[in-house]
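One-letter residues, chain by chain:
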2 protein chains.
Amino acid sequence: MSFNKRVKIKSLLAQSPIGDTVTVMGWIRTKRGNKNVNFIALNDGSTILNYQIVADPNAIQEDVLKACTTGACIKVKGKVVESQGSGQSSEIVADSIEVLGSADPEKYPLQPKKHSLEFLREIAHLRMRTSTFSAVFRVRHALSFAVHKYFNDKGFFYINTPIITASDAEGAGETFKVTTLDLGNPPKNENGEVDFKKDFFEREANLTVSGQLEGELAALALSEIYTFGPTFRAENSNTTRHLAEFWMIEPEMAFYDAEDNADLAEDFLKYLIGYVLENCEQDLEFLERRLLDEEKSKPADQRSEMALRDKLRFVADSNFERVTYTEAINILRNSKPNKKKKFQFVIEDWGADLQSEHERYLVEKHFKKPVILSDYPKEIKSFYMRENEDGKTVAAMDILFPGIGEIVGGSQREERLDVLTAKMEEMNIPQEEMWWFLDTRRFGSTPHSGFGLGFERMVQFVTGMGNIRDVIAFPRTPGNAEF
Amino acid sequence: MSFNKRVKIKSLLAQSPIGDTVTVMGWIRTKRGNKNVNFIALNDGSTILNYQIVADPNAIQEDVLKACTTGACIKVKGKVVESQGSGQSSEIVADSIEVLGSADPEKYPLQPKKHSLEFLREIAHLRMRTSTFSAVFRVRHALSFAVHKYFNDKGFFYINTPIITASDAEGAGETFKVTTLDLGNPPKNENGEVDFKKDFFEREANLTVSGQLEGELAALALSEIYTFGPTFRAENSNTTRHLAEFWMIEPEMAFYDAEDNADLAEDFLKYLIGYVLENCEQDLEFLERRLLDEEKSKPADQRSEMALRDKLRFVADSNFERVTYTEAINILRNSKPNKKKKFQFVIEDWGADLQSEHERYLVEKHFKKPVILSDYPKEIKSFYMRENEDGKTVAAMDILFPGIGEIVGGSQREERLDVLTAKMEEMNIPQEEMWWFLDTRRFGSTPHSGFGLGFERMVQFVTGMGNIRDVIAFPRTPGNAEF
């Protein structure tokens, strides 16, 4: 006997089938009322909105009504009628209520009052039952789907690059080791070192920091590919912007130069924003109000200049400003905060690495729109980025967003075998281990490009959540692998 | 200056814009011809089909033509004309050819001849440039997209469950350890044991074997969710069906009982198959021919009974047979191979675990169609599966496919706190570590169900590839973490 004969609240609200007898199931957010009538606000996660259940104590047994407390899960059968109150067009008058699972009001932690985000992080297994987190995770879903739809529509192929890898050539940061050895008593070789030949992969293995290099292999066969998978950094960073485990989207495209790459990245970001504006209106409205509320307690100059959806519309409609590193350095050198030494890192010479304060100045004060910064000094960028004609810069680009800083990093890749191997030698990157990467430049090489988008940063930008731990279901950070 | 002004071969073939001058780029599969004319078969990965480039030695310089060898990457500008030969409706007469990257015929390993799958596995960084593997990875992409589209259309939300986890309660197999400790000299506590308090997560951590338990947390807030991410087994299995790193799809649904669960799984599998039949016709046609070819060398009784696409259509159109474990045991006990002791494991008593030989007999000999086996003895299934009224069986289901065996495993989950904790006690599963899992049964519990689909098994079934290492870009197996 099939149990799932319910109507989702989302479709109830969309259709309001007045007069129909329907079954809904969900979790009680609040119950209020008096001796004569009870109003239950029911939520099933399909939408941010609750649905009102009218329960007449003459129709529903007393003990059932008593068990209808915040957090309880119930099954309601009843007739859809026009709503008497404001706020929604229809409601259900319950013929019967069945309590599927109760929630002891003395113990259930999510009582109807304001909870801090910090507290909710401690109960990440329950926080998706709140309005804020259900909205965040519905928006996260919509963004994920938009990623796949965008690339599928354009003829890109999704590639699953390896999570466990023996190569760490990107040097993007500290890695986690993956092993099946007995940590308390690992086998040793004749030199007294750990004998990784006895490990599962018969060599040292790590969790990937990026799928890019493997993505390039696929792009040099299928033309246009993208990855969307977890990546890892074993950095001891306890900030609102860092996770040890996070998801990245990394498209790689044969036949794209730096300009094609920037065009694609800009188009892609605007598509994602446009998609959620179109598909997540009610969730964004809620998150916008939440952010306004949260910022009330901040000094005026630290509040967002625009409401959440205005900011999203603004970015979706802007032409991203395209500026070279060299131009940016000149702007920064002549900027007020630089002259008055207000920057923590004062910009003096060409070649300086840009800090987040500089990026934010460019985006938020100078250009007042998203910025694509390109052509960085080769010394501060990775070995695989294509060297420009000037011999000093590489065809790298970073996309900077207001409030969040760098959201995309990418480059045209060095496709010239001789230039690439010279650079690897210079940077002490072992070529023997990278034979497969170099093979793609040996055989049928071609100009190609790619970029990476940190997915959680994008979810933060779209939802207005200040802490990256609040946009992934079960965040992994130093000292935290709970759930 | 944007470089990417090319037309993809897929759209050239679809549109055949006779008379237009276009630019195509891609990799040379073959070149043939004579003094007067050269025919280049060009592939850009957008489709299984090559596009014919006609190169007249009077128009194209000799050294360029000489560099046009198998594997070289070229850019061709020329006019689209009606094809003189058969096989395709149009071709390009080249005005100019630029060699973007050559491929030394003495060294390039993918010369136009038959290569074994084993050899190609050694050069996984290049194998996507072959017809077989480009077809496999295009189909894999289409299947991935179909997964997301199916669930998105149904209102499910995509959840990224954690990859690194401190819980290993599912007990689904050996896990990989994740650590930042110095394996050669790990810190020890006062008892001389490895001091995991000094590790990154301040406790022992593993790679996940399943996102199910965390998926349940999300389902009990958002109603219907799914995961699609990497999972890991540190098992020393060198078979054609096992990987150390593979991708799983795990939907979890509140308000679904066992029957709802089976209905969803059957509908989902049929949707995926229907999607690729509709969207990957040319790739499937190629893979079907490849399989026929491969099976020519096998004895007649080991060949597939149906051609690949016939098999897919048959499964998409069948009603899956629904059989309880108890019924299956009776069928097997009375079967010829059991009576004649042809099974390696002869079925005697109720309670026996089914082996792959039994599953295949049921699917391929007895029912001759996909089978949903349900209600297994509780002793041979996991603690979280819902106990049936009989007190002996649980509401588990496995879906068995011809040729491949178990492709889906799932169950209604035990939502009753008292039954669940009694079972955990019985099975020695530590309840303290699982406080968060139990909380969902303490607060607002409800009937719910879910299942897991091993994505690579599905890709194998759809593509007809016999070895699971050939359906994931860079397989991880014991002793192998290359690329």
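Keep in mind that this is a model prediction, so the values were computed, not measured.

### Re the overall build of chain A
Per the secondary structure count, chain A includes 14 helices and 16 strands. Overall, the C-alpha framework of chain A stretches about 85 × 60 × 45 Å when taken along its three principal axes. The buried share of chain A, reckoned over its 483 residues, is 60%. By element, 45% of the accessible surface of chain A is carried by carbon and sulfur atoms, the whole surface being about 19500 Å². Of the side chains in chain A, 61 bear a positive and 75 a negative charge, and the two mean positions are spaced by 7 Å.

### A look at the sheet that holds strand β5 (residues 90-101) of chain B
All names here are of chain B. The five strands are arranged β1-β2-β3-β5-β4 in a closed barrel whose pairing can be described as mixed. The mean inter-strand angle of the sheet, taken between neighbouring strand axes irrespective of direction, is 55 degrees. Relative to strand β4 (residues 73-82), strand β1 (residues 21-33) is paired through seven bridges, and the arrangement is antiparallel. The residue of β4 that forms the bridge with Trp27 is Cys73.

### So, the relation of the copies chain A and chain B
Each of the two chain copies can be brought onto the other by rotation about an axis and movement along it. Once turned by 180 degrees and shifted 0.0 Å along the axis, chain A lies on chain B with an RMSD of 0.0 Å. Here the two chains are linked by the operation of a two-fold rotation axis. Among all C-alpha atoms of chain A, that of Val178(A) lies closest to the rotation axis, at 2.5 Å.

### Things to note about the side chain of Asn467(B)
All names here are of chain B. Within the secondary structure, Asn467 is located in the segment after α14 (455-463). Note on Asn467: relative accessible area 13%, which makes it buried. Among the polar contacts listed, one links the side chain of Asn467 to the backbone nitrogen of Arg469, at a separation of 2.9 Å. In this structure, Asn467 is in contact with Arg121, Thr240 and Gln460, ignoring residues within four places of it in sequence.

### Thoughts on the packing of helix α4 (residues 131-153) of chain A against helix α4 (residues 131-153) of chain B
Following both chains from N to C, one finds α4(A) and α4(B) inclined at 140 degrees, their axes separated by 10 Å at the closest point. As far as their axial angle goes, α4(B) and α4(A) are oblique. For the pair α4(A) and α4(B), the sense of crossing is left-handed. Facing α4(A), whose interface residues are His141(A), Phe145(A), His148(A), Lys149(A) and Asn152(A), α4(B) presents His141(B), Phe145(B), His148(B), Lys149(B) and Asn152(B). Looking at the contact of α4(A) with α4(B) residue by residue, the class counts come to two nonpolar, six polar and two charged.

### A few points about the interface of chain A and chain B
Across the contact, 118 residues belong to chain A and 118 residues belong to chain B. In total, chain A and chain B occlude about 9700 Å² of area from one another, counting both sides; carbon and sulfur atoms represent 63% of this. For the chain A face of the interface with chain B, the top three residues by lost area are Leu183(A), Phe255(A) and Phe443(A), together amounting to 8%. Our count for the contact surface shared by chain A and chain B stands at six salt bridges. One salt bridge in this structure joins Glu224(A) and Lys8(B), with 2.4 Å as the shortest N-O distance. Linking chain A to chain B there are 51 residue pairs in polar contact (both at pLDDT 80 or more).

### Structural notes on the sheet that holds strand β1 (residues 21-33) of chain A
All names here are of chain A. Spatially, β1-β2-β3-β5-β4 is the arrangement adopted by the five strands of the closed barrel, whose pairing is mixed. Sheet twist, expressed as the average angle between the axes of neighbouring strands with direction ignored, equals 55 degrees. Where β1 lies against strand β2 (residues 38-43), six bridges are found, and the strand directions are antiparallel. Paired with Gly33 across the strands is Asn38, a residue of β2.

### Observations concerning the pattern of salt bridges
This structure, assessed with the given rule, holds 56 salt bridges over all chains. In this structure, Arg127(A) engages Asp470(A) in a salt bridge whose closest nitrogen and oxygen atoms are separated by 3.1 Å. Here Arg127(A) is found in the loop between α3 (117-122) and α4, whereas its partner Asp470(A) is found in the segment after α14 (455-463), with 343 residues between them in sequence. There is no split in this pair, since Arg127(A) and Asp470(A) are both buried. Through salt bridges with shared partners, a single ionic network connects Arg6(A), Lys8(A), Asp44(A) and Glu224(B).

### Points about the domain arrangement of chain A
Residue and element names in this part refer to chain A. For chain A, the domain assignment lists domain 1 (3-109) and domain 2 (129-174 + 209-320 + 369-470). Placing the centre of domain 1 and that of domain 2 at their C-alpha centroids yields a distance of 43 Å. Note on domain 1 versus domain 2: buried area summed over both sides is about 680 Å², and carbon and sulfur give 45% of it. Looking only at domain 1, the three residues that lose the most surface to domain 2 are Arg29, Ile48 and Tyr108, adding up to 65% of its buried area. Scanning the region where domain 1 abuts domain 2 turns up zero salt bridges. Counting across the domain 1 and domain 2 interface gives three residue pairs in polar contact (both at pLDDT 80 or more). Looking at side-chain class alone, the side of domain 1 that touches domain 2 contains four nonpolar, four polar and one charged residues.

### Here we look at the packing of helix α7 (residues 281-296) of chain A against helix α8 (residues 308-317) of chain A
Residue and element names in this part refer to chain A. Relative orientation of the contacting elements α7 and α8 amounts to 120 degrees, with a least axis distance of 8 Å. One element, α7, and the other, α8, form an angle in the oblique class. Counted together, Glu281, Leu284, Glu285, Leu287 and Glu288 of α7 and Leu308, Arg309, Asp310 and Leu312 of α8 form the full contact between these two elements.

### Examining the pairing of strand β14 (residues 393-401) of chain A
Residue and element names in this part refer to chain A. By the criterion of burial, β14 is predominantly enclosed, with nine of the nine residues buried. When strand β13 (residues 371-377) meets β14, the two strands line up antiparallel, connected through six bridges. Considered in β14, the bridge of Tyr376 is made with Val394. Bridge analysis of β14 against strand β15 (residues 405-413) gives six bridges, and the strand direction is antiparallel. By the bridge assignment, Ala396 is partnered in β15 with Ser411. Hairpin connection between β14 and β15: a loop of three residues separates the two successive antiparallel strands, and Gly403 in this loop has a positive phi of roughly 85 degrees.

### Focus: the packing of aromatic side chains
Residues and elements named next belong to chain B. A full pass over the atoms with the stated rule returns 58 aromatic pairs over all chains. On the basis of an interplanar angle of 45 degrees and a centroid distance of 5.1 Å, the ring pair of Tyr150 and Phe268 is categorised as tilted. Of this pair, Tyr150 sits in helix α4 while Phe268 sits in helix α6 (residues 258-279), and the two are 118 residues apart along the sequence. Judged by relative accessible area, which is 0%, Phe268 ranks as buried. The residue whose ring lies beneath Lys381 is Tyr376, and the NZ or CZ to ring-centre distance is 4.2 Å.

### A closer look at unusual backbone geometry
One can expect most non-glycine residues to show negative phi and most peptide bonds to be in trans. One non-glycine residue, Phe255(A), lies in positive phi territory at about 75 degrees. For Phe255(A), the position within the fold is in the loop between β11 (245-254) and α6 (258-279). The exposure class of Phe255(A) is buried, given its relative accessible area of 0%. Despite not being glycine, Ser223(B) shows a phi value in the positive range, around 75 degrees. For Ser223(B), the position within the fold is in the loop between α5 (212-222) and β10 (224-232).

### Looking at the confidence of the model for chain A
Per-chain confidence: chain A averages 95 in pLDDT, with 99% of residues scoring 70 or above. As scored by the predictor, the complex reaches a pTM of 0.97 and an ipTM of 0.97.

About the thresholds
Per chain, residue numbering runs from 1 following the sequence as it is written. Chains carry letters and ligands carry numbers; both start at the beginning, A for chains and 1 for ligands, and go up in the order they are written. The model is predicted, so local features are restricted to residues of pLDDT at least 70 and side-chain atom pairs to those at 80 or more, both for listing and for counting; the totals for chains, interfaces and linings are taken over all residues. Excluding hydrogens and water, the side-chain values take into account all heavy atoms of the structure. Going along the chain from the N terminus, every DSSP run of H or I of four or more residues is numbered as a helix, and every run of E of two or more is numbered as a strand. With a 1.4 Å probe rolled over the protein chains alone, any residue whose accessible area is under 20% of its type maximum counts as buried; one over 50% counts as exposed, and the rest are partly exposed. Here the Shrake-Rupley method, with its probe set to 1.4 Å, supplies the accessible areas, and only the displayed protein chains count as covering residues. Counted as positive: Lys and Arg. Counted as negative: Asp and Glu. His and the chain ends are not counted at all. The atom standing in for a charge is NZ when the residue is Lys, CZ when it is Arg, CG when it is Asp and CD when it is Glu. Criterion used throughout: strands pair if DSSP finds at least two bridges between them. Think of each axis as a best-fit line through the C-alpha atoms, taken over the contacting stretch in the case of a helix, with angles from 0 to 180 degrees between the N-to-C directions. Each copy is superposed on the other by least squares, with the fit set by C-alpha atoms of residues at a pLDDT of at least 70 in both. Any pair of nitrogen or oxygen atoms within 3.5 Å is treated as a polar contact; in protein, a donor-acceptor pairing is required on top of that, and neighbouring residues in sequence qualify only through side-chain atoms on both sides. Contacts: residue pairs with any heavy atoms within 4.5 Å of one another. Any angle from 65 to 115 degrees is called roughly perpendicular, while one under 35 is roughly parallel, one over 145 is roughly antiparallel, and all others are oblique. Crossing handedness is defined as follows: a turn of the near helix away from the far one that is anticlockwise and smaller than a right angle gives a left-handed crossing, while the clockwise case is right-handed. All residues other than Ala, Val, Leu, Ile, Met, Phe, Trp, Tyr, Cys, Pro, Asp, Glu, Lys and Arg, Gly among them, are scored as polar; the first ten of these are nonpolar and the last four charged. Summed over both partners, the accessible area (1.4 Å probe) lost when two parts come together is defined as the buried area. Any carboxyl oxygen of Asp or Glu within 4 Å of a side-chain nitrogen of Lys or Arg constitutes a salt bridge here. The split into domains, and so the bounds of each, comes from an automatic or database assignment of domains. Note on ring pairs: Phe, Tyr and Trp rings are taken, using the six-membered ring of Trp, and paired if centres are within 6.5 Å. Classes follow the plane angle, with under 30 degrees stacked, over 60 edge-to-face and the rest tilted. Working rule: Lys NZ or Arg CZ, within 6 Å of ring centre, within 35 degrees of ring normal, means a charge sits over the ring. A residue's pLDDT is simply how confident the predictor is in it, with values from 0 to 100.

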